[in-house]
Amino acid sequence: MESKTASNSASTFAEIYDREELFSILEELGNEESVPKGTYLYQIGQSKLPDVILLKRGSVKASHITTSGEEYIYNIFRSGSHLFLLASITNEPPALNFITTSQCQAVRIPNAAINDALLSDGRLTRMLLTEFGRKLSFSYKRLRECENYNTEWKICNLLLSLAERSGEEYDGKVLIREKISQQTMASMIRISRITVARTLKTLRDCGLIDTVNGHICIRDEAELLQHMHYISIPLE
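Residues numbered from 1 in each chain as written. Predicted model: local features only at pLDDT ≥ 70, side-chain atom pairs only at ≥ 80, totals over all residues. Heavy atoms only, no water.

*Asks:* Looking at this structure, I do not really get the pairing of strand S7 (residues 97–100). What am I missing?
*Replies:* Across a regular strand the side chains alternate sides, sitting on one face of the sheet and then on the other. Covered by surrounding structure in S7 are Asn 97 and Ile 99 together with Phe 98 and Thr 100, the residues of both alternating faces. Bridge count for strand S2 (residues 40–42) against S7 is 2 bridges, and the pairing is antiparallel. Following the sheet pairing, Tyr 40 is matched in S7 by Ile 99. (Buried < 20%, exposed > 50% of the residue type's maximum accessible area, 1.4 Å probe, protein only. Helix = DSSP H or I, 4+ residues; strand = E, 2+ residues; numbered from the N terminus. Pairing = 2+ DSSP bridges.)

Shown next as structure tokens:
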């Protein structure tokens, strides 16, 4: 009976959990600052753990450079993201470089302030557990996609993710306001830039996307999803 009650409580908390509330609570623990483009927030090998960063405006990429000199981009963080929370709690340094890719407005929170807040605020602790659980679930999903779907599917999925994050209605289509280079797309999906260019051309030829003033436009999201379903053949 007790385990059922605990399960119901956890379910209820996950339902009422508000990410904006978490951001607001954390924001009160730090100080806001401007961070220039090209600033390393953390560099692999750095001895000191980074402070927690709440990104209010701007963008930050998480990447690493291979021994052959190639850059692999694992994520691009936008407004509303938090960085280094897990590192602060576990006292484990990040395994990637984090560098601003635009002028940023951010809140910097000392690790000591995070630890003190966790000790005194049980609700904050539950919020963070929920947040990390969701991120872990998303990571598992990304791994399955990398293993099971072909390149064209991955590029379509990336375009839909960008549209969700920065899309706006334009002439009956969805215009992706965020300009992202073919090289960046290639680094995020672990393919060559030439493959990205070829795939985007295929999608244009199929009438699924357009380019307007350097921005990618999705002509119809439902049709792009249908196309993804058609090509979602697991890799042999």
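That shown, we press on.
*Asks:* For this particular structure, what's the right way to read the layout of surface pockets?
*Replies:* Gaps between atoms show up when a probe of the same size as a water molecule is rolled over them. Considered as a void within the structure, the largest pocket measures approximately 2100 Å³ in volume. Lining of the largest pocket is provided by 47 residues; of these, Asn 75, Phe 77, Lys 135, Phe 138 and Arg 142 occupy positions nearest its centre. Of all the secondary-structure elements, those providing two or more residues to the lining of the largest pocket are strand S5 (71–77), strand S6 (81–83), helix H3 (85–90), helix H5 (122–148), helix H6 (151–166) and helix H7 (182–189). Sorting elements by how many residues they give to the lining of the largest pocket places H5 first, with 11 residues. Grouping the constituent residues of the lining of the largest pocket by class yields 26 nonpolar, 9 polar and 12 charged. Taken together, 21 residues form the lining of the second largest pocket, with Glu 71, Ile 73, Gln 183, Thr 184 and Ser 187 sitting closest to its centre. Every element with two or more residues in the lining of the second largest pocket is listed here: S5 and H7. (1 Å grid on protein atoms, 1.4 Å probe; cavity = no way out; pocket = protein on both sides within 12 Å on 5 of 7 lines; lining within 4 Å. Points joined across faces, edges and corners; volume = space filled by probe spheres on them. Nonpolar A, V, L, I, M, F, W, Y, C, P; charged D, E, K, R; others polar.)

*Asks:* Quick question: what am I supposed to make of the pattern of salt bridges here?
*Replies:* Once the charged atoms of two side chains with opposite charge are near each other, the side chains can pair. Throughout the structure, instances matching the rule amount to 11 salt bridges. In this structure, Lys 56 engages Glu 27 in a salt bridge whose closest nitrogen and oxygen atoms are separated by 2.8 Å. Of this pair, Lys 56 sits in strand S3 (residues 52–57) while Glu 27 is found in helix H2 (residues 19–27), placing the two residues 29 residues apart along the sequence. Look at Glu 27 and you get partly exposed, because its relative accessible area is 26%. For Asp 210, the salt bridge goes to Lys 173, with nearest N and O atoms at 2.8 Å. On the criterion of sequence distance, the pair formed by Asp 210 in strand S11 (residues 209–212) and Lys 173 in strand S10 (residues 173–176) is long-range, its members being 37 residues apart. (Salt bridge = Lys/Arg side-chain N within 4 Å of Asp/Glu carboxyl O.)

*Asks:* I tried to follow a nonpolar patch on the surface on my own but got confused; where do I start?
*Replies:* A contiguous nonpolar patch, built from Leu 136, Tyr 140 and Leu 143 and spanning about 310 Å² of accessible area, is present on the exposed surface. Counting through the fold element by element, Tyr 140 comes out in helix H5. Among the residues examined, Tyr 140 registers a relative accessible area of 47% and is labelled partly exposed. (Patch = residues over 30% accessible without salt bridge, like charges linked within 9 Å, V, L, I, M, F, W, Y side chains within 5 Å. Areas by Shrake-Rupley, 256 points an atom, 1.4 Å probe, with all protein chains shown as cover.)

*Asks:* How should helix H8 (residues 193–205) be read in this particular structure?
*Replies:* Residues three or four positions apart in an α-helix share a direction because the helix packs 3.6 residues into each turn. Look at H8: 18 Å from first C-alpha to last across 13 residues, which is about the 18 Å you get at 1.5 Å a residue. Along H8, the residues that are buried comprise Val 196, Thr 199, Leu 200 and Leu 203. Down the axis of H8, the sector holding all buried residues measures 100°, keeping them to one side. Opposite its buried face, H8 presents the exposed residues Ile 194, Arg 198 and Asp 205, each directed more than 90 degrees away. (Expected span 1.5 Å × (residues − 1). Arc of directions from axis to C-beta.)

*Asks:* Just checking my understanding: could you explain the sheet that holds S11 for this structure?
*Replies:* An order of S9-S10-S12-S11 is seen for the 4 strands of this open sheet, with the pairing classed as antiparallel. Each of the sheet's edge strands pairs with one partner strand only, and the pair in question is strand S9 (167–170) and S11. Averaged over all adjacent pairs, the angle separating strand axes in this sheet is 35°, with direction ignored. Sheet topology note: the S9/S10 ladder contains 4 bridges and is antiparallel. Directly across from Tyr 170, in S10, lies its bridge partner Lys 173. Most of the contacts of H6 go to S10, to which it runs at about 85°, and overall it touches S9, S10, S11 and strand S12 (215–218). (Axes fitted to C-alpha atoms, helices over the stretch in contact; angles between N-to-C directions. Contact = heavy atoms within 4.5 Å.)

Interpretation note: all reported values are geometric properties and have no functional meaning in isolation.
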